[in-house]
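# Structural overview for review
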Amino acid sequence: MLGRVANGIFWMYRYLERAENTARLLEAGHRMTLTRGPDMANQEWISILTTLGLRKAYEAGHDEYTGVSVCDFVLRSKDNPESVLLMMERARTNGRICRSAITLEVWEALNEGWMTMCDLLARPVRSTNLNDALAVVRRASTLARGATEGSMLRNEAYNFARLGTFLERADSTVRILDVKYYLLLPSLSYVGTPLDSGQWDSVLRSLSAERAYQWLNSGEMSARSIAEFLIFDDRFPRSLVFCYSHMRDNLFQLAKLHGETGEAQEQMRAADIRLVDKSVEDIFQQGLHEFLQEFIAGNQTIASAVASDYRFTA
Amino acid sequence: MSASEPPKFDEMHASDGSVRDAYSGYQGWLSEQDESWMRSKSAEAEGFFRKTGITFNVYGEDDAEERLIPFDMVPRIITGGEWRRLSKGIEQRVRALNAFMHDLYHRQEIIRSGRLPERLFRNNAAWLPQMVGFTPPGGVYTHITGIDLVRTGPDDFLVLEDNARTPSGVSYMLENRETMMAMFPELFSKVKVRPVSDYPRRLAKSLAACAPANTQGNPTIAVLTPGIFNSAYYEHAFLADQMGAELVEGSDLRVVGGKVQMRTTVGFKPVDVLYRRVDDEYLDPLTFNSDSVLGVPGIMDVYRAGGITIANAPGTGVADDKAIYSFMPEIVEFYTGEKALLPNVDTWRCADPDSLKYVLDNLEELVVKEVHGSGGYGMLIGPTSSKKEIRDFRVKLENDPENYIAQPTLALSTCPIFTKKGLAPRHVDLRPFVLCSPDGVDITPGGLTRVALKKGSLVVNSSQGGGTKDSWVLDD
């Protein structure tokens, strides 16, 4: 397939995943405002804006952190160059670029999702339609992923789609962890200390992980076990290890298809080793923040190696 | 319109109100349908098109980058017998066009014989000196031709235009049928309609048959698009997808080792046949417009060395010219030795002083078109224009008569459309799509029917508010 088209697929799925993760983050924040006091809610919105890298942009035009105004800004504000609406639009533009490499089912899921969002977000977000708007984003992404799974050939196009999805997802998990790392306490001495239930709830909900975590770790609500779960549990689909294993598989498939490995596979292997060699204790020792920063850099190296190995641009 | 309006031909109803043979099966079905249910279907069709993304882009409109071409759900129906006669005429015309192109770029017998004035192509920007003495692979110039037909009576089909550059609209032909079958499946079990869905496969086959002689193995076909902002991008992507061909942009292509190659994820890979949806002048910045970023530097050298097939061949735009069009009956006769089976619409060439005088005297009754114009722009439709519009146009015409031709205002046939108040007749034309390769001429039964949605309007172009219909050829 064409390098330009591979680039289109890769980014289509990155933007879709990014839009979905952003919606999850907002849903978690929205829930906090409903269940916790105003101070906690304020904190939560600030932390969400920080995670998205939008705090400055938001504060340029707002001095309050109400759920509706933050959500409106994140979802659709014209002053926000990274709004979810724009992400969906970019996903769709990339979908048009790689239209002949994705199936009609995938394209329709993407296009319909985008159309519904445009309708819903044509007017300012209010508390009455916030849930609808967030649900639409998640549904569009889910439909496109399902159509991908059920209708696409297992060829290059599929591998680039999955690479984009999991690279973006790992990135998003890391960013959420990083902003909330003060909740997870960077020092070893706190490991094992019970957390305030509102704090861990916030971390887990941002990753839609609260139910899964409780299932697997009934009773234990420690920073150590939450961090271990989000980083190392290969059963949880947003954990770093889970994302890496899918990135690795797809890079391996590509190498098999092309009959050669390149820089991308090399970087993946190095990153893999960096991750699995560590225990959660090592990470807290090193400092969670430092670990996460290193992870983000590693992810970026893999992404650029993929782009250059597979000739995304001339 | 004037009182002397000639009787119109309606595709569905005879003048006594009875339903014509072509529509008897459809009418039988329609009379059993509930009217409000039909109305709900009309809205459903629009949703179907939006969802699939069958849109075209309108230049210079900020709010609505992507528009839908309105779809009307009453089919335009042609009987098997009518189609057989039509396809003979179309095939004759396309064969003549290809012979004409070859002659124009070689010995120019038609000019030596005095049948065609030399100035017609000497002044024609679409005529490319780079094509002189060169024969495209397989000898084919117009791999895909769209012949615009209008009807004025039971047996009167006329050619209005030959689209030999890069005719568009075939995706609508295909999607209109898909939409109809999705909305009214039982209708297709009652009325036997010849399928159109294998067009992309036939296109791929026809293009492959035109690959350069030295092609190894199965030819690699690519569709060249100007990009996602082009008005017909949807169609480019659709055809590439349906043919299993790569959809490329100029930046994906490069001349490497005497071949045009595309940048794939595993390196450069040669292209044998390029179905380009980019105009001649943007094709090769080294040969034509040096500012073009849509094309491939050096592709014309590869082409002339026999390393790639370009479809349609550069320089075929000469046949789109309306002054050349006016000579088509002579052209058909010159190359086929037969009378043209499909007549032209009468055409006055304003370059000719006598004709110009006639046209100027009768502007209120005529349609005047620019020789190189297309898309329904830059034309005057006398009967529906205001006095001022006619006065302004007269000035343009007098200043540059060579740039215009004129035709009588035809009583284009009408076909009913579905309106809120029931069926209402609107003017239609028909664009069949014709494939040409050394294996022969292949015409997909039917084509694209365009319909003027405004009552009384004769302009069917989508850029001017026209819509489309599914076009049926009955399997009878």
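Residues numbered from 1 in each chain as written. Chains lettered and ligands numbered in written order. Predicted model: local features only at pLDDT ≥ 70, side-chain atom pairs only at ≥ 80, totals over all residues.

## Regarding the overall build of chain B
Short version of the rule: What counts as a helix is a DSSP run of H or I of at least four residues, what counts as a strand is a run of E of at least two, and both are numbered from the N terminus. Between the two quantities, the radius of gyration covers C-alpha atoms and the globule rule is 2.2 Å times the number of residues to the power 0.38. In this description, any two residues whose backbone-derived C-beta atoms lie within 7 Å of each other are considered to be in contact.
Helix and strand counts for chain B come out as 15 helices and 22 strands. Here the C-alpha radius of gyration of chain B, 23 Å, is about what a compact globule of 476 residues would show, namely 23 Å. Each principal axis of the C-alpha atoms in chain B carries an extent, and together these give about 65 × 55 × 50 Å. Excluding contacts between residues fewer than 6 apart, the proportion of contacts in chain B whose partners are at least 24 apart in sequence is 69%.

## Some thoughts on the interface of chain A and chain B
Threshold: Classification used: nonpolar for Ala, Val, Leu, Ile, Met, Phe, Trp, Tyr, Cys and Pro, charged for Asp, Glu, Lys and Arg, polar for all others including Gly.
Across the contact, 20 residues belong to chain A and 19 residues belong to chain B. Secondary-structure elements contributing two or more residues to the side of chain A that touches chain B are helix H1 (3-35), helix H5 (84-97) and helix H6 (104-120) of chain A. When residues in the side of chain A that touches chain B are grouped by element, the largest group, 5 residues, is from H6 of chain A. Split by residue class, the side of chain A that touches chain B holds 8 nonpolar, 5 polar and 7 charged.

## Comments concerning the nonpolar core
Put simply, the test is: Put simply, a nonpolar core is a cluster of buried Ala, Val, Leu, Ile, Met, Phe, Trp, Tyr and Cys residues tied together by C-beta atoms within 7 Å. Note on burial: count the other C-beta atoms lying within 10 Å of the residue's C-beta; 20 or more is buried, 12 or fewer is exposed, in between is partly exposed, and C-beta positions come from the backbone. What marks off one domain from the next here is an automatic or database domain assignment.
In terms of nonpolar packing, the biggest core is built from 218 residues, with Ile9 of chain A together with Leu274 of chain B touching the most fellow members. Considering every element that reaches this core, the biggest residue donor is H1 of chain A, with 15 residues. Both domains that meet at this core, namely domain 1 (1-152) and domain 2 (154-314) of chain A, each give it at least three residues.

## A few points about the domain arrangement of chain A
Residues and elements named next belong to chain A. Examined at the domain level, chain A breaks down into domain 1 (1-152) and domain 2 (154-314). Summarising the inter-unit geometry, the C-alpha centres of domain 1 and domain 2 are found 21 Å apart. Where the side of domain 1 that touches domain 2 is concerned, the elements lending two or more residues are H1 and helix H2 (38-51). The biggest single contributor to the side of domain 1 that touches domain 2 is H1, with 16 residues. Residues that form the side of domain 1 that touches domain 2 fall into these classes: 13 nonpolar, 7 polar and 7 charged.

## As for the sheet that holds strand S9 (residues 259-264) of chain B
Residue and element names in this part refer to chain B. Note the threshold: By definition, two strands form a pair when at least two bridges between them are found by DSSP. To get an axis, fit a line to the C-alpha atoms, keeping to the stretch in contact for a helix; angles then go from 0 to 180 degrees between the N-to-C directions.
Across the sheet, which stays open at both edges, the 3 strands sit in the order S8-S9-S10 with antiparallel pairing between neighbours. The two strands at the open ends of the sheet, each matched to only one other strand, are strand S8 (253-256) and strand S10 (267-270). This sheet shows a mean twist of 45° between the axes of neighbouring strands, independent of strand direction. As paired elements, S9 and S10 share 4 bridges and run antiparallel to each other. Across the sheet, residue Arg263 finds its bridge partner in S10, namely Phe268.

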